[in-house]
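Descriptive structure summary
These are the residues of each chain, in order.
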Amino acid sequence: MDLDSMYNIEQELQAEIHKRDLLTASVDDMKKRILTMENGIGGHYGEDSEWKVRYHTQVELNHQLQKQADKLNRKLTSIATRSTDPDTKDNGFQDLLNKMDSMSEEDIEKLISKLQNDNESRVSELRDYEWRLEQEVKVSIASLFTSQIKRQSSLQKCGDLKQAPPWSHSKLPPS
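Residues numbered from 1 in each chain as written. Predicted model: local features only at pLDDT ≥ 70, side-chain atom pairs only at ≥ 80, totals over all residues. Heavy atoms only, no water.

**Looking at the overall build of the protein**
- The number of helices and strands found in the protein is four helices and zero strands.
- Ordered by position in the sequence, the α and β elements of the protein form the string α-α-α-α.
- A burial count over the protein gives 3% of its 175 residues as buried.
- For the protein, the computed accessible surface area is about 15,700 Å², with 57% contributed by carbon and sulfur atoms. (Helix = DSSP H or I, 4+ residues; strand = E, 2+ residues; numbered from the N terminus. Buried < 20%, exposed > 50% of the residue type's maximum accessible area, 1.4 Å probe, protein only. Areas by Shrake-Rupley, 256 points an atom, 1.4 Å probe, with all protein chains shown as cover.)

**Side note on the pattern of salt bridges**
- Evaluated as defined, the whole model comprises six salt bridges.
- Ionic pairing is found between Lys 19 and Glu 16, a salt bridge with its closest N-O pair at 4.0 Å. Of the two residues, Lys 19 and Glu 16 both sit in helix H1 (residues 3–42), three residues apart, roughly one turn of that helix.
- Lys 19 sits in the partly exposed class, given a relative accessible area of 49%.
- Arg 132 is the salt-bridge partner of Asp 128, the closest N and O atoms lying 3.0 Å from each other. Of this pair, Asp 128 and Arg 132 both sit in helix H4 (residues 105–163), separated by four residues, roughly a single helical turn. (Salt bridge = Lys/Arg side-chain N within 4 Å of Asp/Glu carboxyl O.)

**Describing a nonpolar patch on the surface**
- Taken together, the side chains of Leu 133, Val 137, Ile 141, Phe 145 and Ile 149 present a nonpolar region at the surface, about 480 Å² in accessible area.
- With respect to the helices and strands, Ile 141 occurs in helix H4. (Patch = residues over 30% accessible without salt bridge, like charges linked within 9 Å, V, L, I, M, F, W, Y side chains within 5 Å.)

**Focus on the confidence of the model for the protein**
- When the pLDDT values of the protein are averaged, the result is 79; 77% of them are 70 or greater.
- Here residues 164–170 is a poorly scored stretch, pLDDT under 50, and it has four contacts once near neighbours within four places are set aside; other chains count. (pLDDT = per-residue confidence, 0-100. Contact = heavy atoms within 4.5 Å.)

Below, the structure is given as structure tokens:
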């Protein structure tokens, strides 16, 4: 071997060592980023996130709605008990029936019309709440899927690095 070929081999070796050093630095940087991301996912990341606020708001709303449902069930039970028990002293349903007996037919029709309008208003309000809830669920699901896809994509990229490191295909001898 002559001096020129030795010099060329040494130059190639220096270039390969430089490439290896760059790849090692890149891998170390990626490992730091992965650790930062993993700590962010499992740690304090997103403590004040929008989803956490939405979750707690929804839990509070559910609690209030449950209280209202329980209160209405108690009232309904009370009304049903009073209407079936003729011995009760405070029979509001019976009083209403007695008042209706003394009302004119026109007044009864007005009362029925008012009650129907109130009922339609409540039904409309209920449908509006159902629609809003459905829209919120759709947005939540779409956002959840998007974040899961992004997370899977980033984990897959990280997994690809672990499975086949970029230097495994180089022509460097094992160190």
